[in-house]
There are 2 protein chains.
Amino acid sequence: MKSFHGKLLRIDLNSKSYREETIPAEILKRYLGGKGLGSYLLLKNVAARIDPLSPANRLIFAVGPATGTRMPGASRYGLYSKSPLTGGYAESYAGGRVAPKIKAAGYDAIILEGRAQGPIILEISDRGVNFYPAGDIWGKDTYAAEDAAKDRTGASEAQAAAIGPAGENMVRFACVENNYWRSAGRCGLGAVMGSKNVKAVVFHGQKLPPVADEALLKKFITDLLSASKELPAVKNYRKYGTPQMVALLNTAQAFPTRYWSRGTLPGWEKISGEALITDGNLDVKPKSCPHCFLACGKLTTIKTGPHAGLKIEGPEYETIYAFGGLCCIDRLEDIIYLNDLCDRLGLDTISAGNLVALAMEARERGFKPEFPAYGDASGAARLLEEMAYRKGPGAVLADGIIPAAKALNLEDIAIHVKGLEPAGYDPRVLKGMGLGYATSARGACHLRATFYKPELAGIISPAATEGKASLYIEYEDRLTIFNTLINCVFYRDMLQWPELQTLIKALTGWDYTVAELRQTANEIITMTRTFNVSAGLGKKSDLLPGRMHSEPLPETGALLTEAELLKMRQEYYSLRGWNQDNQLVTAGKE
Amino acid sequence: MKSFHGKLLRIDLNSKSYREETIPAEILKRYLGGKGLGSYLLLKNVAARIDPLSPANRLIFAVGPATGTRMPGASRYGLYSKSPLTGGYAESYAGGRVAPKIKAAGYDAIILEGRAQGPIILEISDRGVNFYPAGDIWGKDTYAAEDAAKDRTGASEAQAAAIGPAGENMVRFACVENNYWRSAGRCGLGAVMGSKNVKAVVFHGQKLPPVADEALLKKFITDLLSASKELPAVKNYRKYGTPQMVALLNTAQAFPTRYWSRGTLPGWEKISGEALITDGNLDVKPKSCPHCFLACGKLTTIKTGPHAGLKIEGPEYETIYAFGGLCCIDRLEDIIYLNDLCDRLGLDTISAGNLVALAMEARERGFKPEFPAYGDASGAARLLEEMAYRKGPGAVLADGIIPAAKALNLEDIAIHVKGLEPAGYDPRVLKGMGLGYATSARGACHLRATFYKPELAGIISPAATEGKASLYIEYEDRLTIFNTLINCVFYRDMLQWPELQTLIKALTGWDYTVAELRQTANEIITMTRTFNVSAGLGKKSDLLPGRMHSEPLPETGALLTEAELLKMRQEYYSLRGWNQDNQLVTAGKE
């Protein structure tokens, strides 16, 4: 078995003990690692009805056959658990330098179980597991926690994933951070780590398994590089990063603005990708994960003014949308400041920005004068601190959008699916994104198919709904395979099915037909749904917020009707082989 | 086993004998009838390398589980054979009143083998098979042949399929006609029937098998009717028929004109659907197959003038494109006249119109003054007669586009795939149609996925190529299931996967998941490719004519590059599970 260890590490935090287990080759062959393995282990190890912040929940790290190789984009690890935000299936991925170290420690997956008595740092390496007390760094921000955790192990090559105050306080949209600015952002996995009293996990080691065909992999990567590096999409990532989307979405009039009441932000040009790289007060340099030639990351430093010296990797498009569009903050420096604050506190910027905007809307409506007004960046910063520390007016937001909207009596305007807020693509315009938000297992997710890509690139009409589920599923299947390998989904244009076949062959030696890979993807997605259905999140949770159906965007009148959504969803269920009539999964079930 | 007889009739024309065979239930369950059953029987019964006009070829009739029921659109039968036009897999379907009679005769499929000593009429009923001498009607046109064949049996409820002079003379694009104007048009199956000396086949009987759930079927049809009959698409079929496409294609600048050198016909408004129903000299009435509420057919009578009293069902869009667009004949009466002539002679209007236009282009280039000029309707009529009777200047066209272009030294401008000419959708504009033309087993076919529908309806961008194969395959899979039932593909919008599941359940009692139905479709399509590959039509035949890649349409500059086509084709092969590197089929093979 190549490219895998065939080994799982199970850590019992209650007893500070651990053991290795064998992962059968047939499981790896069937689920391919990453998301496939993580979802399989989640179904096997976590009862769907438990309290996600109780010791009964488990936090699963997984890597895949591409991890630790020179494959561009193979720098991501996956986290799987029961989400404290949605109560359903949780997954989240982060780039940077941690993933290869998890693999080099000798494991394909790691399961954290139970709850430590007090704050700890975990050191996981090819020489075993160490448990360090972490009372002294409890309370530190993620940057400091990461540094301190690495220092504690004394391993100069170590990498670490850490939580901030938000995770410690079990804020339900807290993230796990690494390399300061890389976040496993969504679903509140930082809160799960916090609930287990784990402040940071440090990884190091030298145990990388060989790939099946080193020469083929080398040739594959060389060919990929020469075929791709001059592609316009690649150049745009390198030049602008994800903020290139600001102009695209405003042009499409699908840039969520003023808490989902408009599709364009007046002055969006001030927070666009072009603005980012031409701003005289910003120093912006491309930054990539190891081996990646896209370099979507931007290392940005503010030169002068109140935030002089502040440095982040970012801001990402989603952060610009959440604070820029939804909160109407049209100054890049302010957005960068809020981004830095979220990273330090360990807050997911999408959820945090949505909650700040909901609070601003509450103020707009007159009944919450203690909340900041639209456009008020320092008010937003104050709210972020209040969320993370569960104190002051912002504390009401710390358990996520469903309890917050209920407490504020704003349930009719709250925008989320299953408790997770959408990313920056309005489904009234990009209707396939609506299908994705409604059906993604983790809630209103943009990443399961990144369907904004074909909808904005003219591959499929954004307004169409008929027949759309089929292409959606093709993207979702393909990207699901990306998340098993694990390879960054921004390589989606360059790695079509034949390339995935070759890559998997080079890594593992296994020949799969496309039909087999798609069957694997379908099984994995069906496993995530099985978890959700068991947790009580079935068909009735696969819906969009009512405003998407009833409140047209003022610029264009664009609307996604409920009938359109239900028709797409019915096609989606059918194509996945899922039963229409009730919530039980009837095909692809393990 | 419901909705099937489980019976096959095998007729040996050499010995004028016949026998019934049992079709195992597992074959019907696996291939569902119609195209699935026909393709299965073709692979089992016809060696791929035989001469298609020799007695070794066989002509297979098949119906499906929907045939003979009250399901709207279930009025079509399928013919399967080795094509004398392409040398590969042939299939063709015709509506009208024949299909239910084939089923009522007691069979799911009928195979004609060998060659009769002299011209015969076959009578196939639930009381056996009769062989009548037909020397007296040999030479008659299809209308007269159909009437005479029915009269000969004395069965008042009989229906008949017949060939005209073109089929008798084994013109390689001769069709099989029934109900005067309904044609199994493409691939030259009239020539196969002619090669067997069969002038007509008459069907009657009373043996219809029960469906599995009569109440469910009734409810399904009632629901379909009430959900669909006010749909704009349905109304347009009823009002204009397929000629509604003339305006759509000219607007899209994809209306093949002047032998594929332009995308719009000046004066197209004179031959549009609107022109048809408002022309004061035409009497136009909707005409439908039994139970169908679309009524795409138009019974058209010319009131006065040189063609006064001429009556046809039509003209169809494809006939208008072939004679109107390609031959630049912009008078509806002339097109109706040529349509009638093709129907009587038994010529496929698409191939015939393409060949007339090729001849016109030869004249335009100065070296064939005996051919008619563009726009010359009576010259076109003369050519059709010459093709059908293989005499005069038109005889050079009678073996189809490949030999004709070679003889005329016009191979570089001839437009076809595998010897079959495309329908009226220019693939330089509608790029998914290009994928369909290149990969369809029977040649440049528009009907395997009717992909002009999503491309013109704004469901997917016509110009896009990336990711397109996936949606193409969804349509092709779904329509393949239509052709197993057999149900008219014009119901494609109303019968999505869930509706197909319910319909099949009502008919057969069998529960299929969508995944199973798509697997069935993939197997069927892979069988058709297996036949082609065995016949020598592999990957190197799945290409478009060079002009589609090198000659931009003058109105728009539109072009489908070879690289775009090859990329789509590679995705298509991958998604079908077909080997990229050679012509062998590696997945889904029987």
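Values in this document were obtained by computation on a predicted structure and should not be read as measured data.

Visitor: Explain the overall build of chain A to me, please; I cannot follow it from the model alone.
Guide: In terms of helices and strands, chain A carries 22 helices and 15 strands. By the compact-globule yardstick of 25 Å for 590 residues, chain A fits well, its C-alpha radius of gyration being 22 Å. Principal-axis analysis of the C-alpha atoms places the extent of chain A at approximately 60 × 55 × 50 Å. Counting all 590 residues of chain A, 66% fall into the buried class. A sequence separation of at least 24 residues applies to 69% of the contacts in chain A between residues at least 6 apart. With the model as given, the accessible surface of chain A reaches about 18200 Å², and the carbon-plus-sulfur share is 50%. Once the 70 positive and 64 negative side-chain charges of chain A are each reduced to a mean point, those two points are 3 Å apart.

Visitor: Which parts of the structure should I look at to understand the domain arrangement of chain A?
Guide: How large an interface is tends to be reported as the accessible area lost when its parts come together. Residues and elements named next belong to chain A. For chain A, the assigned domains read domain 1 (6-203) and domain 2 (255-407). The centre of domain 1, based on its C-alpha atoms, is set 26 Å off from the matching centre of domain 2. Taken together, the contacts link 32 residues of domain 1 with 31 residues of domain 2. Together, Phe-173, Trp-181 and Arg-182 form the three largest contributors to the area buried by domain 1 at its contact with domain 2, with a combined 30%. Inspection of the region where domain 1 meets domain 2 yields 4 salt bridges. Notably, a salt bridge pairs Arg-172 with Asp-399, separated by 3.2 Å at the nearest N-O pair. Here domain 1 and domain 2 share 16 residue pairs in polar contact (both at pLDDT 80 or more) between them. Of all the secondary-structure elements, those providing two or more residues to the side of domain 1 that touches domain 2 are helix H4 (142-153), helix H5 (165-168) and strand E11 (182-184). It is H5 that provides the largest number of residues to the side of domain 1 that touches domain 2, a total of 3 residues. When grouped by side-chain class, the residues that make up the side of domain 1 that touches domain 2 number 13 nonpolar, 12 polar and 7 charged.

Visitor: Could you clarify how one ought to interpret the packing of helix H18 (residues 468-485) of chain B against helix H20 (residues 514-534) of chain B in this entry?
Guide: Relative orientation and spacing of two packed helices are given, respectively, by the angle between their axes and the distance between those axes. Residues and elements named next belong to chain B. At a minimum axis separation of 9 Å, H18 and H20 run at an interaxial angle of 85 degrees. In terms of axis orientation, H18 runs roughly perpendicular to H20. In this structure, H18 contributes Ile-473, Glu-474, Glu-476, Asp-477, Thr-480, Ile-481 and Thr-484 to the contact, and H20 contributes Leu-517, Arg-518, Thr-520, Ala-521, Asn-522, Ile-524 and Ile-525. A class-by-class count of the residues in the contact of H18 with H20 yields 6 nonpolar, 4 polar and 4 charged.

Visitor: Sorry, what's going on with the relation of the copies chain B and chain A here?
Guide: One chain copy maps onto the other through a rotation about an axis and a shift parallel to that axis. Structural alignment of chain B on chain A gives an RMSD of 0.0 Å, achieved by rotating through 180 degrees and translating 0.0 Å along the axis. The two molecules are tied by a two-fold rotation axis, judged by turn and shift. When C-alpha positions in chain B are compared against the rotation axis, the closest is assigned to Ile-460 of chain B, at 2.0 Å. Of the residues that chain B buries at the interface, 96% are likewise interface residues in chain A, meaning the two copies contact each other through the same surface.

Visitor: I keep staring at the pattern of salt bridges and nothing clicks. Help me out?
Guide: Opposite charge on two side chains lets them pair, provided their charged atoms get close. Counted by the stated rule, this structure contains 86 salt bridges over all chains. Taking the shortest distance from any N to any O, the salt bridge between Glu-21 of chain B and Arg-19 of chain B comes out at 2.9 Å. A single network of salt bridges, built from pairs that share partners, joins Arg-10, Arg-19, Glu-21, Arg-58 and Glu-113 of chain A.

Visitor: How should I be thinking about the side chain of Glu-313 of chain A in this particular structure?
Guide: If you trace the backbone, Glu-313 of chain A turns up in strand E15 (residues 311-313). Every residue in contact with Glu-313 of chain A, bar those within four places of it in the chain, is listed here: Trp-181, Arg-182, Lys-287, Gly-297, Lys-298 and Leu-299 of chain A.

Visitor: Just to check I follow, could you spell out the nonpolar core for this structure?
Guide: Taken as a class, soluble globular proteins show a tendency for nonpolar side chains to be buried jointly. Ranked by size, the top nonpolar core spans 326 residues in total, and within it Leu-384 of chain A together with Leu-384 of chain B carry the most contacts. With residues up to four places along the chain from it excluded, the contact list for Leu-384 of chain A reads Phe-323, Leu-338, Leu-341, Cys-342, Leu-345, Leu-347, Ala-352 and Val-356 of chain A.

Visitor: Before we go on, may I ask you to explain the sheet that holds strand E8 (residues 128-133) of chain B in this structure?
Guide: Hydrogen bonding along the main chain pairs the strands of a sheet, whether they run parallel or antiparallel. Residues and elements named next belong to chain B. Taken in spatial order, the 6 strands line up as E8-E7-E12-E9-E10-E11 in an open sheet, and their pairing is mixed. With one partner strand each, in any of the chains shown, E8 and strand E11 (182-184) form the two edges of the open sheet. Averaged over all pairs of adjacent strands, the angle between their axes in this sheet comes to 20 degrees, without regard to strand direction. Where strand E9 (residues 159-162) lies against strand E12 (residues 198-204), 4 bridges are found, and the strand directions are antiparallel. Within E12, the residue paired with Ala-161 across the bridge is Val-201. Contacts from helix H4 (residues 142-153) reach strand E7 (120-125), E8, E9, strand E10 (176-178) and E12 within the one sheet, and its direction differs from that of E9 by about 135 degrees.

Visitor: Would you take a moment to explain the sheet that holds strand E15 (residues 311-313) of chain B for this structure?
Guide: Residue and element names in this part refer to chain B. If you trace the 3 strands from one edge of the open sheet to the other, you get E13-E14-E15, paired in antiparallel fashion. Since the sheet does not close on itself, it has two edges, and those belong to strand E13 (282-287) and E15, each with one partner. Direction aside, neighbouring strands of the sheet carry axes that sit 15 degrees apart on average. With 6 bridges joining them, E13 and strand E14 (residues 297-302) adopt antiparallel strand pairing. From the neighbouring strand, Lys-285 faces E14, where its bridge partner is Leu-299.

Visitor: Even after reading the chapter, I still don't get the packing of aromatic side chains, so can you show me in this structure?
Guide: The way to describe two aromatic rings as a pair is by their centre distance and the angle between their planes. Under the defined criterion, the tally for this structure stands at 42 aromatic pairs over all chains. Pairing Tyr-317 of chain B with Tyr-425 of chain B gives two aromatic rings, centres 5.5 Å apart and planes at 45 degrees, and the pair type is tilted. Highlighted residues: Tyr-317 of chain B in helix H11 (residues 317-326) and Tyr-425 of chain B in the loop between helix H15 (401-407) and helix H16 (431-439), separated in sequence by 108 residues. Owing to a relative accessible area of 2%, Tyr-425 of chain B belongs among the buried residues under this scheme. Centroid distance Tyr-573 of chain B to Trp-578 of chain B: 5.9 Å. Interplanar angle 45 degrees. Geometry classified as tilted. Aromatic ring contacts, followed pair by pair, group Phe-255, Trp-260, Tyr-317, Tyr-321, Tyr-425 and Tyr-452 of chain A into a single cluster. When the ring centre of Tyr-475 of chain A is taken as origin, the NZ or CZ atom of Arg-478 of chain A, which lies over that ring, is 5.2 Å away.

Visitor: Is there a simple way to explain helix H13 (residues 349-364) of chain A in this structure?
Guide: Owing to its 3.6 residues per turn, the α-helix brings residues three or four apart onto one side. Between its first and last C-alpha atoms H13 of chain A spans 22 Å; for 16 residues at 1.5 Å apiece the expected length is 22 Å, and the two agree. Directly after H13 of chain A, the chain includes Gly-366 of chain A, whose backbone phi takes a positive value near 95 degrees.

Visitor: Before we go on, may I ask you to explain unusual backbone geometry in this structure?
Guide: In terms of backbone geometry, most residues other than glycine have negative phi values and most peptide bonds are trans. The amide bond that connects Gly-314 of chain B to the next residue, Pro-315 of chain B, takes the cis arrangement and shows omega of 0 degrees. Of note, Pro-315 of chain B is situated in the loop between E15 and H11. Geometrically, the link from Leu-485 of chain B to Ile-486 of chain B is a cis peptide bond, its omega value of -25 degrees lying close to zero. Relative to the elements of secondary structure, Ile-486 of chain B occurs in the loop between H18 and helix H19 (497-508). A positive phi angle is found at Thr-450 of chain A, which is not glycine, with a value near 40 degrees. Position of Thr-450 of chain A among the secondary structure elements: in the loop between helix H16 (431-439) and helix H17 (452-456). By relative accessible area, Thr-450 of chain A is classed as buried at 0%. Phi at Asn-179 of chain B is positive, roughly 45 degrees, even though this residue is not glycine. With respect to the secondary-structure elements, Asn-179 of chain B resides in the loop between E10 and E11.

Rules and cut-offs
- Residues numbered from 1 in each chain as written.
- Chains lettered and ligands numbered in written order.
- Predicted model: local features only at pLDDT ≥ 70, side-chain atom pairs only at ≥ 80, totals over all residues.
- Heavy atoms only, no water.
- Helix = DSSP H or I, 4+ residues; strand = E, 2+ residues; numbered from the N terminus.
- Rg over C-alpha atoms; globule rule 2.2 N^0.38 Å.
- Buried < 20%, exposed > 50% of the residue type's maximum accessible area, 1.4 Å probe, protein only.
- Contact = heavy atoms within 4.5 Å.
- Areas by Shrake-Rupley, 256 points an atom, 1.4 Å probe, with all protein chains shown as cover.
- Lys, Arg positive; Asp, Glu negative; His and termini not counted.
- Charge placed at Lys NZ, Arg CZ, Asp CG, Glu CD.
- Domains from an automatic or database assignment.
- Buried area = accessible area lost by both parts, 1.4 Å probe.
- Salt bridge = Lys/Arg side-chain N within 4 Å of Asp/Glu carboxyl O.
- Polar contact = N/O pair within 3.5 Å; in protein donor to acceptor, adjacent residues only side chain to side chain.
- Nonpolar A, V, L, I, M, F, W, Y, C, P; charged D, E, K, R; others polar.
- Axes fitted to C-alpha atoms, helices over the stretch in contact; angles between N-to-C directions.
- Parallel < 35°, antiparallel > 145°, perpendicular 65-115°, else oblique.
- Least-squares fit on C-alpha atoms with pLDDT ≥ 70 in both.
- Core = buried A, V, L, I, M, F, W, Y, C linked by side-chain atoms within 4.5 Å.
- Pairing = 2+ DSSP bridges.
- Phe/Tyr/Trp six-rings, centres within 6.5 Å; stacked < 30°, edge-to-face > 60°.
- Lys NZ or Arg CZ within 6 Å of the ring centre and 35° of its normal.
- Expected span 1.5 Å × (residues − 1).

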